[in-house]
Amino acid sequence: MKKRVLAVALAGVMAVSMLAGCSGGNGNTESNKDGAGTEAPAADGAKVVKIGVYEPASGDNGAGGKQEVLGMQYANKMTPTVEIGGEEYTVQLEIVDNESSNDKGPSAASSLVSAGVSVVLGSYGSGVSIAASDVFKDAGIPAIGVTCTNPQVTEGNKHYFRICFLDPFQGTVLANFANAEFSAKKAYILTKLGDDYSTGLGHYFKQAFEALGGEVVEEAFQEGNSDFTSYVTKAKNEGAEVFFAPVSTEAAALIIEQAAAQGLTVPLMAGDTWDSNVILNAAKGKDVQIYVTTFYQEGGNEEFDSGIKEWINSDSTAKANNGGDDTISAVTAMGYDAYYVALEALKAAGSTDAAAVNEALWGVTYTGVSGNIAFDDTNGDAMRDTAYVKCANTETGAWDFVTEQGVN
Amino acid sequence: MDWITKNLPYLMAGISVGGQYALIAIGYTMVYGILRLINFAHGDIFMVAGLVVVYAATVMPIYIAIPLMIIVTVFLGFMVERVAYKPLRSAPRMSIMISAIGVSYLLQNLALYVTGGLSQQYPAIPWISDTVTVMGATTKRVTLITPILTIVLVVGLVMLIKHTKIGMAMRAASRDFETSQLMGIKINNVVSMTFIIGTFLAAIGSLLFFTNYTGVTPTVGAMPGLKAFVAAVFGGIGSIPGAVIGAFIIGICENIIKGLGWTTFSDAFTFALLIVILIAKPTGLFGEKSTDKV
C-alpha cells in the first residue's frame, strides 16, 4: 500500500514539475490595459489600424519587456494617428504577454493574428521571437524585432525584420573591449541552458575572444536556478579576468549579489539585456564593476529624453513598469523607434494589408533616436556598426558612458 | 591551504542550502507522517513568506517585518489545512492530493497577479546579510548561521515530539489515526499543530534562503520545494531526522557536483538519486518498515 502511495506521490511530483513551466497561465490578450494607448476607436469615425505588440510582461524577461513596451506606448501617445493611402487612421496597440516562454509565445502570437494586426513589434528576448516566427509567417504578418539580437530570428525568412544589431557583432565588440580595456587573457562565460539569446551571445563572444588569443572557461545553468554561489567560486578559482554573463536580468541580479558577497574583483560584462535599472538597483552600494553594450545612451537625444521622462513621471503605471524611476533604458528608445518604423512601413504600403506592409518594409529607412535604420536585402536586419559601452556607477546608481565601440 | 580556500565555498554553499532544504523537508515529512498527504502547496507557502517580507519591509522596519512574516505564514499554513484539506479528510487520498496541487497553483497565480510576474528584490537583513571571510573564502554570514540554526530547531522539535503532551499525541496519530481518536486525542488540534510547526520552519527557511538568493518570483518555491520533497523521501518519509540528513546530503552533493564542473547535471543528479533510492530502499534511509494497515 505504501508503495502505491509513493507511486501516486511521484506521479504527482512529475505532474507538478511538468506544469511548473506553465504556472502563469494568462497568455491572453490584454490589449491596451496598461496606460497610454487607451483611446478607443476614434469617435469621429476615423479608421483604425492595429499594431501588435508581442512582448513579455512576466517571467524572466518581464522587466525588460515592459520597458520596451513603454517606448511604443510613448510613441503611440506622441503620434496616435497615421495617414495611409490618403486616409487618416488611428493606431491601436494590441499588447500580448508571451510570458518569456517559448511554449507560451506561439499562443500569444496567435491571439495577435486573430486580433487582425497589420504588423507586429517584438519581442524582447530572441528565443520567444524565434518560437513565434512561424505563427506570423503562416498568417502572412510581418514582424519587426526590436531588441532580439540572435541571428536566427531573421535568418532564412522574409517576414521577420529587426532594427537592432546582431549577436555576432555584439559578441565581437564585447570581446574586443575586454581585450583592449582590461587586457584580459582569460574569460569566464556563464550562459543559461535553452535560452537562444544567452547561449548564442556566449558562443560569439567565445569565438571572438579566442580569436584574439584568449582562453575561455564556459559553464551553463538551468531554468529556475537561484544559487549562483558555485559559478562565482569557479570563476574565481579559474583566475578569470572578466566574468561574461549574457543572461536575463532576474538571474543577473542574483549573480551580482553573489559576486559582491564573495568579493569577486574582476569586471562583470554582459550584452544589451543588462542595460536596465534592475541591474543598477542590484549593484547600488556594492563593490562590483559592471560593463554592458547597448543600443542607446541616455543623453543621445535631449528632446526624446526629457519628453519620455515627463510622461513616465506623470503616469504611475508607466513608472511602475519602468521599475519605479525615470532612468531610460536602451530598450525603451528602441521600442520608440520600432513604432515609427512600423508607421513608415504602413505609409509606404499605402494600405493596412499585412502582405503589402511586409513588401514595403524592405525599402523603409528611418532616422530614429538610436541612429539610422535601414534593412539589408538578405535577412531584413538593420545595418548597424557601433555599440555603446556603459559602466554601472555603484554610488549614484546610474549608467556612466564609457566608449563607442565598433568591430575593429 | 590554497585547496581549502578554493573548495570551501562549495562545501559551505552545500551545507547552507542543505539546511534550508531541511527546514522545508520537515514540513513535508511531518504532514505525511500524520495525514499520509504530500502537501504540494508547501513550496509555495515558502514563496509567499518571501513576498510578505518584500512588501512588509517597504512600510515598516525589518525587525517588525520578520515576526509579522512568521505570523502571516503560519496563519496561511493553518488556513490552507482548514479550508483545503480538512473537509476532505474522509475522501480518497487522491482527492486531497489534487486539492494540494490546486492550492499550489492558486498561491502561484495570486503571487503572479500581485507582483506582475517580476522578480522582487528581497531586502537585506542587518547582520545576517553581512559579508564575512572564513579561511580565505568570502561569503554571507547567513551561510554560517543556517546549519547551526537548523540543528537547534530540529533538536527543539524532536524534544517537543518526545517530551510534550502534544508531541505524544502526534506520535500516536501517526501510528494509528483512527485508534488515537478513540483514545480521546483531539485529532483536529494535532493536525493543525503539525501544519503550524511545518509552516513555521518553512518561514524560517525562507528567511535564510532569500537572504542568500535575493530574487523572489512566483515560481521560486517550486524547485526548493521539490528538492526538499526528494530529501524527505530520501531520508524516509515520516522520519524527521531522516529528512534533515537527506536534505544535507542532497545540498552538499549538488554543490560538489557543481564544483566538479558538471553544473548542467546537478538537478538531474538530485532526481536520479530519488529513483535509485526508491528502487534500492523504498522506505528511504530511516523509513519505518511497518506493515501497512490497509
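You'll find the structure just up there.
Each chain carries its own residue numbering, running from 1 in the direction its sequence is written. By the order in which they are written, chains take letters starting at A while ligands take numbers starting at 1. Whole-chain, interface and lining totals are the exception, using all residues; otherwise, since this is a predicted model, local features are given only for residues with pLDDT of at least 70 and side-chain atom pairs are given and counted only at 80 or more. Values reported for side chains reflect all heavy atoms of the structure, with hydrogen atoms and water molecules removed beforehand.

## Some details on the overall build of chain B
Definition in use: Numbering of helices and strands runs from the N terminus, with a helix taken as a DSSP run of H or I at least four residues long and a strand as a DSSP run of E at least two residues long. Throughout this description, buried means an accessible area under 20% of the type-specific maximum (1.4 Å probe, protein chains only), exposed means over 50%, and partly exposed covers the range between. By definition in these notes, contact holds between two residues if any of their heavy atoms fall within 4.5 Å. Working definition of accessibility: Shrake-Rupley area with a 1.4 Å probe, residue cover restricted to the visible protein chains.
The secondary structure content of chain B amounts to 11 helices and four strands. Each of the three principal axes of chain B carries a C-alpha extent, and together these read 60 × 50 × 35 Å. The 294 residues of chain B split such that 56% are buried. Contacts in chain B between residues far apart in sequence, at least 24 positions, make up 75% of those at least 6 positions apart. A total of about 12200 Å² of accessible surface is found on chain B, and carbon and sulfur atoms cover 73% of it.

## Observations regarding the overall build of chain A
Scanning chain A from N- to C-terminus turns up 13 helices and 15 strands. Counting only residues that meet the buried cut, chain A has 59% of its 408 residues in that class. Sequence separation of at least 24 residues holds for 70% of the intrachain contacts in chain A that already meet a minimum separation of 6. Total accessible area computed for chain A in this model is approximately 14200 Å², and 47% of it derives from carbon and sulfur atoms.

## Points about empty space enclosed by the protein
Filter applied, for reference: Here a cavity means grid points, on a 1 Å grid over the protein atoms only, where a 1.4 Å probe fits yet cannot get out; a pocket means an open set of points with protein on both sides within 12 Å along at least five of seven lines; lining residues are those with an atom within 4 Å of a point. Grid points are joined across faces, edges and corners, and a volume is the space filled by probe spheres set on the points.
Within this structure, the stated rule accounts for seven cavities of 30 Å³ or more. One number sums up the size of the largest cavity: a volume of about 160 Å³. Around the largest cavity, the lining is made up of 16 residues, and of these A:Asn225, A:Ser226, A:Asp227, B:Tyr21 and B:Lys227 lie nearest the centre. Among the elements that take part in the lining of the largest cavity, helix 9 (residues 222–235) of chain B stands out by supplying three residues, more than any other.

## Section: the nonpolar core
Quick note on the threshold: We define a nonpolar core as any set of buried Ala, Val, Leu, Ile, Met, Phe, Trp, Tyr and Cys residues linked to one another through side-chain atoms lying within 4.5 Å.
One finds A:Leu190, A:Phe243, A:Ile256, A:Trp274, A:Ile290 and B:Tyr85 to be the most contacted residues of the largest nonpolar core, which totals 120 residues. Ranked by residue count, the leading element in this core is helix 1 (residues 2–35) of chain B, at 13 residues. Residue contacts for A:Leu190: discarding those within four places in its chain leaves A:Glu219, A:Ala220, A:Phe221, A:Phe228, A:Tyr231, A:Phe243, A:Phe244, A:Ala245, A:Pro246, A:Val247 and A:Ile255. One finds A:Ile51, A:Tyr89, A:Ile163 and A:Ile373 within the second-largest nonpolar core, a separate group that totals 54 residues.

## Some details on the pairing of strand 2 (residues 81–84) of chain A
Residues and elements named next belong to chain A. Selection rule: We call two strands paired when DSSP finds no fewer than two bridges between them.
The alternating pattern of strand 2 places Val82 and Ile84 on a buried face and Thr81 and Glu83 on a face that is not buried. Pairing geometry for strand 2 and strand 3 (residues 87–97), over four bridges, is antiparallel. For Glu83, the partnering residue across the bridge sits in strand 3 and is Glu88. As consecutive antiparallel partners, strand 2 and strand 3 are separated by two residues, and within that stretch Gly85 has a phi angle of approximately 55°, a positive value.

## Let's talk about the pattern of salt bridges
For the record, the criterion: Salt bridges, as used here, are contacts in which a Lys or Arg side-chain nitrogen is within 4 Å of a carboxyl oxygen on Asp or Glu.
Counted under the stated rule, the structure contains 18 salt bridges over all chains. The residue A:Lys104 makes a salt bridge to A:Glu99 at a minimum N-O spacing of 3.3 Å. Accessibility assignment for this pair places A:Lys104 and A:Glu99 in one class, buried. Between B:Lys227 and B:Asp267 there is a salt bridge, with the nearest N and O atoms lying 2.8 Å from each other.

## Section: the sheet that holds strand 10 (residues 268–270) of chain A
Residues and elements named next belong to chain A. As a reminder, the rule being used: Angles shown run from 0 to 180 degrees and are taken between the N-to-C directions of axes, each axis being a line fitted to C-alpha atoms and, for helices, limited to the stretch in contact.
Ordered by their spatial adjacency, seven strands build an open sheet running 8-7-9-10-11-14-15, and the pairing between neighbours is mixed. With partners counted over all chains shown, the strands left at the sheet margins are strand 8 (215–221) and strand 15 (398–405), one partner each. The average undirected angle you get between the axes of adjacent strands in this sheet is 25°. The pairing of strand 14 (residues 387–393) with strand 15 spans seven bridges and is antiparallel. Pairing of Asn393 across the sheet is with Ala398, part of strand 15. Docked against the sheet, helix 7 (residues 229–238) engages strand 7 (186–192), strand 8 and strand 9 (242–244), running at close to 170° with respect to strand 8.

## Comments concerning the packing of aromatic side chains
Residues and elements named next belong to chain A. Inclusion rule: What counts as a ring pair is set by centres within 6.5 Å for rings of Phe, Tyr and Trp (its six-membered ring), and what kind of pair is set by the plane angle: stacked under 30 degrees, edge-to-face over 60, tilted for all other angles.
With the rule as written, the count across this model stands at 31 aromatic pairs over all chains. Ring centres 5.9 Å apart and planes at 85° place the aromatic pair Tyr296 and Phe304 in the edge-to-face group. Grouping residues by exposure puts Tyr296 and Phe304 together as buried. Ring geometry for Tyr336 against Tyr340: centres 5.1 Å apart, planes inclined by 70°, an arrangement best described as edge-to-face. One end of the pair is Tyr336 and the other is Tyr340, both in helix 12 (residues 330–349) and four residues apart, which spans about a single turn.

Spatial relationships are all this shows, so hold off on functional conclusions.
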